[in-house]
Amino acid sequence: MSNAILKLENLDIRFYIYFYTIIFIIGICIGSFINVLIYRLPKNENIITSSSRCTSCGSKIKYLDMIPIFSWIFLRGKCRQCGGKISARYPLIEIMNSIIYIITFTVMDFSARSIFVCIFFSILTVIGFTDWDTLEIDIRLLAAIGIIAVISIFTDNSLTLFQRITGGIIISAPFFIIGEISSCIIESNTGEKIRGIELGDTILMAVSGLFIGYKAAVVSAFIGIILASIAGLIIKHKSGESTLAFGPFLSIGLFFGTLWGNAITDWWFSLFI
């Protein structure tokens, strides 16, 4: 099925205002749901029917106090009932999700793939924050990316099946091998079964590569590894801790790789041709 792409640069300025206002509103609303997922998934709480409650006093949050961004500003970052502090991370995630959507539609124009990419980025946001908080990637989030990747095979012809399959293997296979070898070495030295690269990170690159293709996957992994290395050195220097969640940095890498990975790869190879 061919993609119907709406070239945004060819439209009237009023369309930009209406379009990006709608995208912004959708982005912060979905960002609010992302906050729910980040908080509830690690606790295995119901993400649909359970009422939102203050993390300090446990009181039920009123609907008027759950308007994305604006409620936090109006309440000055405090619970209406107990005055407990509400983390600024909530509105920041809502704003970040909107900005990500706006960037995506600006770079990719309006198409079915742009919508799938926005969903993909929102899932990556949940993965990044939950992995940072818990050092674990929820398999349900990885499955969601896998479903998007499979659907895109039949709805998006911007990548061939070969590019997708190669994308699913080119990073995840080395990650798996490194994880297995490091696990054996660490277990023989310490007796603990710890992988240098966790299976969650490996599966993340497998399903993501199936969605974005091999060029974008390589660039994503490169950016993620560089960022994780820098962050690891800083954390090691400041706290002495060597444990670091890899998912957040891979998620950042996947953002840049998805939008600009193909162009970066083509530019790189053009230097040698």
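See the structure printed just above.
Residues numbered from 1 in each chain as written. Predicted model: local features only at pLDDT ≥ 70, side-chain atom pairs only at ≥ 80, totals over all residues. Heavy atoms only, no water.

Q: Could you clarify how one ought to interpret the overall build of the chain in this entry?
A: Across its full length, the chain holds 10 helices and 0 strands. From first element to last, N terminus to C terminus, the chain shows the α and β order α-α-α-α-α-α-α-α-α-α. In terms of C-alpha radius of gyration, the chain reaches 20 Å, essentially the compact-globule figure of 19 Å for 273 residues. Summarising its shape, the C-alpha atoms of the chain cover approximately 60 × 60 × 35 Å along the three principal directions. Put simply, the chain has 273 residues, and 40% of those count as buried. A sequence separation of at least 24 residues applies to 68% of the contacts in the chain between residues at least 6 apart. (Helix = DSSP H or I, 4+ residues; strand = E, 2+ residues; numbered from the N terminus. Rg over C-alpha atoms; globule rule 2.2 N^0.38 Å. Buried < 20%, exposed > 50% of the residue type's maximum accessible area, 1.4 Å probe, protein only. Contact = heavy atoms within 4.5 Å.)

Q: I keep staring at the nonpolar core and nothing clicks. Help me out?
A: As a rule of thumb, nonpolar side chains are buried together in soluble globular proteins. Phe120, Phe121, Ile127, Ile145, Leu204 and Phe211 are the most contacted members of the largest nonpolar core, which totals 46 residues. For this core, the elements supplying multiple residues, two or more each, are α1 (13-40), α3 (89-108), α4 (112-134), α5 (139-155), α8 (199-212), α9 (214-239) and α10 (247-270). Leave out the neighbours within four places in its chain, and Phe121 touches Ile100, Thr104, Leu254, Phe255, Thr258 and Leu259. (Core = buried A, V, L, I, M, F, W, Y, C linked by side-chain atoms within 4.5 Å.)

Q: Can you help me understand α5 in this one?
A: Since the α-helix turns once every 3.6 residues, residues separated by three or four places project in the same direction. With 17 residues, α5 extends 24 Å between its outermost C-alpha atoms, agreeing within 8% with the 24 Å of an ideal straight helix rising 1.5 Å per residue. Those residues of α5 that fall on the buried side of the exposure criterion are Leu141, Leu142, Ile145, Gly146, Ile148, Ala149 and Ser152. Taken down its axis, α5 places every buried residue within 160° of arc, on the same side. Away from its buried face by more than 90 degrees, α5 exposes Ile139, Ile147 and Phe154. In this fold, the buried residues of α5 make contact with α4, α6 (161-170) and α8. (Expected span 1.5 Å × (residues − 1). Arc of directions from axis to C-beta.)

Q: How should the environment of Ile67 be read in this particular structure?
A: Position of Ile67 relative to the elements: it lies in the loop between α1 and α2 (70-74). By relative accessible area, which is 39% here, Ile67 ends up partly exposed. Taking the C-alpha atoms as reference points, Ile67 and Ser32, separated by 35 residues in sequence, lie 8.4 Å from one another.

Q: For this particular structure, what's the right way to read the packing of α9 against α10?
A: When two helices pack together, their arrangement is captured by the angle between the axes and the distance separating the axes. Closest axis-to-axis distance for the α9/α10 pair is 6 Å, and the angle between their directions is 135°. By the criterion of interaxial angle, the relationship of α9 to α10 is oblique. The way α9 lies across α10 gives a crossing that is right-handed. For the contact of α9 with α10, the class distribution of residues is 12 nonpolar, 8 polar and 2 charged. (Axes fitted to C-alpha atoms, helices over the stretch in contact; angles between N-to-C directions. Parallel < 35°, antiparallel > 145°, perpendicular 65-115°, else oblique. Left-handed = near helix turned anticlockwise from the far one by under 90°. Nonpolar A, V, L, I, M, F, W, Y, C, P; charged D, E, K, R; others polar.)

Q: When you look at the packing of aromatic side chains in this model, what are you seeing that I'm missing?
A: Within this structure, the stated rule accounts for 16 aromatic pairs. Taking 5.9 Å as the distance between ring centres and 35° as the angle between the ring planes, the aromatic pair formed by Phe256 and Trp260 counts as tilted. One end of the pair, Phe256, and the other, Trp260, are both in helix α10, 4 residues apart, so they sit about a helical turn from each other. Residue Phe256 is classed as partly exposed on the basis of its relative accessible area, which comes to 34%. Judged by relative accessible area, which is 32%, Trp260 ranks as partly exposed. Looking at Arg113, its charged tip hangs above the ring of Phe211, at a distance of 4.8 Å from the centre. (Phe/Tyr/Trp six-rings, centres within 6.5 Å; stacked < 30°, edge-to-face > 60°. Lys NZ or Arg CZ within 6 Å of the ring centre and 35° of its normal.)

Q: Help me out: how do you make sense of the pattern of salt bridges in this one?
A: Pairing of side chains with opposite charge becomes possible as their charged atoms draw close. By the definition in use, this model includes 6 salt bridges. Of the charged contacts, one joins Asp133 and Arg89 as a salt bridge, the two residues approaching to 2.9 Å between their closest N and O atoms. Highlighted residues: Asp133 in helix α4 and Arg89 in helix α3, separated in sequence by 44 residues. Take Arg89: its relative accessible area is 30%, and that puts it in the partly exposed class. Through salt bridges with shared partners, a single network forms among Arg113, Asp156 and Arg164. (Salt bridge = Lys/Arg side-chain N within 4 Å of Asp/Glu carboxyl O.)

Q: Quick question: what am I supposed to make of a nonpolar patch on the surface here?
A: Among the surface-exposed residues, Val107, Leu227, Ile252, Phe256, Trp260, Ile264, Trp267, Trp268, Phe269, Leu271, Phe272 and Ile273 lie close enough to one another that they form a single nonpolar patch of about 1200 Å² accessible area. If one sorts the elements of the nonpolar patch by residue count, α10 sits on top with 7 residues. Checked against the element boundaries, Phe269 lands in helix α10. (Patch = residues over 30% accessible without salt bridge, like charges linked within 9 Å, V, L, I, M, F, W, Y side chains within 5 Å. Areas by Shrake-Rupley, 256 points an atom, 1.4 Å probe, with all protein chains shown as cover.)

Q: When you look at the environment of Thr21 in this model, what are you seeing that I'm missing?
A: Secondary-structure assignment places Thr21 in helix α1. Judged by its relative accessible area of 41%, Thr21 is partly exposed. For the pair Thr21 and Ser98, spaced 77 residues apart in sequence, the C-alpha separation works out to 9.8 Å.

Q: What exactly am I supposed to notice about the environment of Ile147 here?
A: Within the secondary structure, Ile147 is located in helix α5. In this structure the C-alpha to C-alpha distance between Ile147 and Phe211, which are 64 residues apart in sequence, comes to 9.4 Å.

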